[in-house]
Amino acid sequence: MAGLNDMQDLACRHVDGPLLILAGAGSGKTRVITHRVAYLMDEIGVNPYNILAITFTNKAAAEMRDRVNNIVGEGAERVWVSTFHSLCVRILRRFSDRLGYATNFNIYDSDDQKSAVKNILKELKIDPKKYPEKMFLAEISNAKERYISPDQYAKMNATDFVKTQTATVYSEYMKRLRKFNAFDFDDLIYKVVELFEHNPDVLELYQDRFRYIMVDEYQDTNHIQFLMVKQLASKYRNLCVVGDDDQSIYKFRGANITNILNFEKEYPDAKVVKLEQNYRSCGNILAAANAVIKHNEGRKDKALWTDQGDGEKLVFNQSEDEYMEADRVVNEIIRLTANGAQYKDIALLYRTNAQSRILGEKLVMRGIPHRVYGGQNFYERKEIKDIMAYLKVVNNSTDDTYLRRIINVPKRGIGDATVDKVAAFAAANDMTLMEAMQIIEQVPGLQRSVAKISGFVELIDGFRGIIEEQEPLSTLFDRILEDTGYEDELIAEHTDESMARLENIDELRNRVVQFETDYEEATLADFLEDIALVSETDKMSDDDNMVKLMTIHGSKGLEFPYVFLCGMEERIFPSAMAINSDDEDALEEERRLCYVGITRAMKKLYLSCARNRMLHGSRNCNDISRFIKEIPPLLFQDSGDITRHVKRMEERQFADTGYTGNRYGSSGQSGYGKGSYHGRSSQTGSGYSSSNPYSSYSKAKKEPISITPSTKPSFGKEFTVNRELVLDYGEGDRVRHMKFGNGTVTQLVKGGRDYEVTVDFDRGGTRKMFASFAKLKRLEE
DNA sequence: GAACTCCTGCTTTTT
DNA sequence: GCAGGAGTTC
């Protein structure tokens, strides 16, 4: 298959049985998956309806959908491309009644989970100061990820006091969610696995539907996702997983790297294909990435390489504080754009969302268009949560959580004392809060509040009427803003803050209208689901010509010509938590994260840090990140700062031994350019990386790190340079296709390393296909 | 019942 | 440095 390298080609052509693709960063992973889909459909004749592609983010799903559409044309929309979570929601919307849940269930976000646990702790009289709800939530989530039910959990931990308490909370939590007809994120997958386990007919339905399964970012799957995939694939065993153990960065969320490392054990007949040729970054960037990741133990050995040349060197800067760091970054952005770079080609990446504030401020000051992704989520803002709570109550009022949030917002004189009385009545009579409020006259001990509450119930009933009459969502939205007086209150307040809130509400309204336009048939439940499952990064658009700011986690799967990795300091990146952790792997995960960050860059990578920065409200001095020191200095454009820094450290450490510091060349630009450093490094093993015996980090491996930022493959000769695809036909020519017979080429478009051919077949039908698959033969007529 | 003030604890990362 | 929670006062 031309347009693909040998390994990519091999992966595409593997049809039956398990397949593991180890795909390094930028190795054309999505390309392989989409080509494989095309191959299955066009060459093997697989019904697109039988293909499932699972991705990690909605953004990745959308991109894959797009690319599949482009390649296979007809029928592409019938390939099921989605994330684990939305796939599960769709299955549950159809079958959750088998588990005793209604199909209009709510999806809990972390805030909802938190308040649910908080309430349970109150009921069980557990002091949240001694045992914070966070602990219980983490433990519950953990159990769910391992497919451990509350009962099992209780049995497993019968001797441990705190854990028996956790078992009770877990059990109560699940009862509560069932009562409120809600699933949390973990449940979405857990409950599908449970559904499949107890309903073989349902499982078989989906097994037959998804005969060919592909899972992207497999290194980020957790145990329960592994189980689900296993269930689905067990009948036909056509499972293809794609991943890179070096890019596993979600262990904190339960991702289990052994899923990918042990794939061959689980499926002994698995075919394994490694993709190591990188098409994204230039050689210097790759060399830096390889050098950093090499410090990790326990990884599948591999190294990225490119045939695109070294490209530009890396830039490193240490500034005095975070403001000066931001200034420097912004200045460089101005310089880049003055030289023709587009704003959208630039990304600022950082370890924690908090770091975005100062960068954002500086960009505002200099009038640079930019957008901050993630962080203080749009949907976490108070006013948005309030309006969303109204929508959720209208959709499904069984859940007290949202009701309690809005019952007195805006203020309508229904205080906590009143709500507690009604709640007690509801609990005693086994009804929901809303049900009790509907018969409020029967609730004892309320005087003036009765009228207020029945007024509120009428309000909600009015909103529900709008839905029943099938009025558009935006109508409901506007009515909520008006009838509750929410908008009026903010307008009357007329402060900067209230105006900002109004703007946010406007933005939410835009999203409602957008959703309405995108999906005409959409219901309120659909909208709420979309909000619950789709993050902001997912909605990132390439049209906006803006500088993008996001965490490194958020950048996974993306690429940018110019990347700034900011805050490259010890205790920031790697984080203090990882440094102090007793878990050995914590640091390795940070390093993998660093690897992900570096490999986002295509043309040029900037690394920066500050000598001191505000943290937890106090100013701290932080050392340069160990990851910087793991990058060979010869890869840097101007290594003045880093050289001086390391030299100073060495002098400090070895002053009494008479060691005067190695001479890393002059501090000027030309110091490293002549290869002298590199030669020296491989002879003596000293250098900048942690293999340097004088470095402050001695945990490093003994072997010297010699990274060759070269164009040579890291292994074997079988990786030859791309062959160019040469076609012997053109537009207007008559061609023959193996399956579809004869036709006329109506269009020929070069797309990447392949051609997209449109053929008008004599037997009827126009098909778009990739030349590399179609294997069209020119007919002489 | 509401508004105001003080205090604490926290910062990874997110489907 | 900030948000959210608790406690106090009107």
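Quick notes on the rules
- Residues numbered from 1 in each chain as written.
- Chains lettered and ligands numbered in written order.
- Predicted model: local features only at pLDDT ≥ 70, side-chain atom pairs only at ≥ 80, totals over all residues.
- Heavy atoms only, no water.
- UniProt positions renumbered as here; feature names shortened; annotations may be inferred.
- Pairing = 2+ DSSP bridges.
- Helix = DSSP H or I, 4+ residues; strand = E, 2+ residues; numbered from the N terminus.
- Axes fitted to C-alpha atoms, helices over the stretch in contact; angles between N-to-C directions.
- Contact = heavy atoms within 4.5 Å.
- Buried < 20%, exposed > 50% of the residue type's maximum accessible area, 1.4 Å probe, protein only.
- Parallel < 35°, antiparallel > 145°, perpendicular 65-115°, else oblique.
- Disulfide = S-S within 2.5 Å.
- Expected span 1.5 Å × (residues − 1).
- Arc of directions from axis to C-beta.
- Polar contact = N/O pair within 3.5 Å; in protein donor to acceptor, adjacent residues only side chain to side chain.
- Right-handed = clockwise from strand over helix to strand, strands pointing away.

Taking an unreviewed UniProt entry as the reference, chain A is identified by name as DNA 3'-5' helicase belonging to Coprococcus ammoniilyticus. Per UniProt, chain A carries the Sequence similarities (unreviewed entry) text "Belongs to the helicase family. UvrD subfamily."

S.K.: How do you make sense of the sheet that holds strand S8 (residues 271-275) when you look at a structure like this?
M.R.: Picture the strands of a sheet paired through backbone hydrogen bonds; they go either parallel or antiparallel. Here we have 6 strands laid out as an open sheet, ordered S3-S2-S6-S7-S1-S8, and parallel in their pairing. Only two strands of the sheet have a single neighbouring strand rather than two, namely strand S3 (80-83) and S8. Neighbouring strand axes in the sheet, compared pairwise and without regard to direction, differ in orientation by 15 degrees on average. As defined by bridge partners, strand S6 (residues 212-215) adjoins strand S7 (residues 239-243) across 3 bridges and the pair is classed as parallel. Looking across to S7, one finds that Ile 213 is bridged to Leu 239. Contacting strand S2 (51-55), S3 and S6, helix H4 (residues 84-95) runs over the sheet at an angle of about 110 degrees to S3.

S.K.: Mind showing me how you'd approach the UniProt feature "binding site: ATP" (unreviewed entry) in chain A here?
M.R.: Under the feature "binding site: ATP" (unreviewed entry), the UniProt entry names Ala 23, Gly 24, Ala 25, Gly 26, Ser 27, Gly 28, Lys 29 and Thr 30. Within the secondary structure, Gly 24 sits in the loop between strand S1 (19-23) and helix H2 (29-44). Aside from chain neighbours lying at most four places away, what touches Gly 24 is Asp 244, Gln 247, Leu 275 and Leu 304. Here Lys 29 is to be found in helix H2. By relative accessible area, Lys 29 is classed as buried at 18%. Discounting chain neighbours no more than four positions away, the residues touching Lys 29 are Ala 23, Asp 216, Glu 217 and Val 242.

S.K.: Could you clarify how one ought to interpret the packing of helix H6 (residues 133-145) against helix H8 (residues 161-179) in this entry?
M.R.: Each pair of packed helices gets described by two things: the angle between the helix axes and the distance between those axes. Between H6 and H8, whose axes approach to 10 Å, the crossing angle comes to 75 degrees. The angle between the axes of H6 and H8 places the two elements in the roughly perpendicular class. Where H6 abuts H8, its residues Met 135, Phe 136, Glu 139, Ile 140, Ala 143 and Lys 144 lie against Val 162, Lys 163, Gln 165, Thr 166, Val 169, Tyr 170, Tyr 173 and Met 174.

S.K.: Looking at this model, I keep getting lost on unusual backbone geometry. Mind explaining?
M.R.: Glycine aside, negative phi is the norm for most residues, and most peptide bonds take the trans geometry. Following Phe 573, the chain continues into Pro 574 via a peptide bond in cis, with omega recorded as 5 degrees. In the Ramachandran plot, Asp 430 falls in the positive-phi region, its phi being about 55 degrees despite a non-glycine side chain. Assignment of secondary structure puts Asp 430 in the loop between helix H19 (416-428) and helix H20 (433-438). Taking the relative accessible area as the measure of exposure, Asp 430 reaches 70% and is therefore exposed. Positive phi, close to 60 degrees, is recorded for Gln 470, a residue that is not glycine. Structurally, Gln 470 is set in the loop between helix H21 (449-468) and helix H22 (473-483). Judged by its relative accessible area of 69%, Gln 470 falls in the exposed class.

S.K.: Please clarify how the state of the cysteines should be interpreted in this entry.
M.R.: Every disulfide links exactly two cysteines, by a covalent bond between their sulfur atoms. All chains considered together, the criterion is met by 0 disulfides. Free cysteine Cys 240: the closest other cysteine sulfur is in Cys 12, separated by 9.1 Å. A relative accessible area of 1% places Cys 240 in the buried class. Note on Cys 282: no disulfide assigned, nearest cysteine sulfur contributed by Cys 594 at a separation of 16 Å. Its relative accessible area of 8% is what places Cys 282 among the buried residues.

S.K.: Would you take a moment to explain the side chain of Gln 225 for this structure?
M.R.: Assignment of secondary structure puts Gln 225 in helix H11 (residues 223-233). Gln 225 gets classed as buried once you look at its relative accessible area, which sits at 6%. Non-local contacts of Gln 225, meaning those with residues more than four positions away in its chain, are made with Phe 84, His 85, Ile 189 and Asp 220.

S.K.: Explain helix H15 (residues 322-338) here, please?
M.R.: One turn of the α-helix equals 3.6 residues, which is why residues spaced by three or four share an orientation. Between its first and last C-alpha, H15 extends 24 Å over 17 residues, near the 24 Å set by a 1.5 Å rise per residue. All of the buried residues along H15 are Glu 322, Glu 325, Ala 326, Val 329, Val 330, Glu 332, Ile 333, Leu 336 and Thr 337. Mapping the buried residues of H15 onto a view down its axis gives an arc of 160 degrees, with all of them on the same face. Two or three places before Tyr 323, at the opening of H15, Asp 321 has a side-chain oxygen 3.0 Å from that residue's backbone nitrogen. After H15 finishes, the residue Gly 340 shows a positive phi value of roughly 105 degrees.

S.K.: Help me understand the environment of Ala 11 in this model?
M.R.: With respect to the secondary-structure elements, Ala 11 resides in helix H1 (residues 6-13). Under the relative-accessibility criterion, Ala 11 is labelled buried at 0%. The contact partners of Ala 11, leaving out residues within four places of it in the chain, are Leu 19, Ile 21, Val 32, Arg 36 and Val 273.

S.K.: Looking at this model, I keep getting lost on the pairing of S3. Mind explaining?
M.R.: Side-chain positions along a regular strand alternate between the two faces of the sheet. Burial along S3 is two-sided: Trp 80 and Ser 82 facing one way and Val 81 and Thr 83 facing the other are all buried. Where S2 lies against S3, 4 bridges are found, and the strand directions are parallel. By the bridge assignment, Leu 52 is partnered in S3 with Trp 80. Chirality of the crossover, the property in question, places the unit of S2, helix H3 (residues 58-72) and S3 among those that are right-handed.

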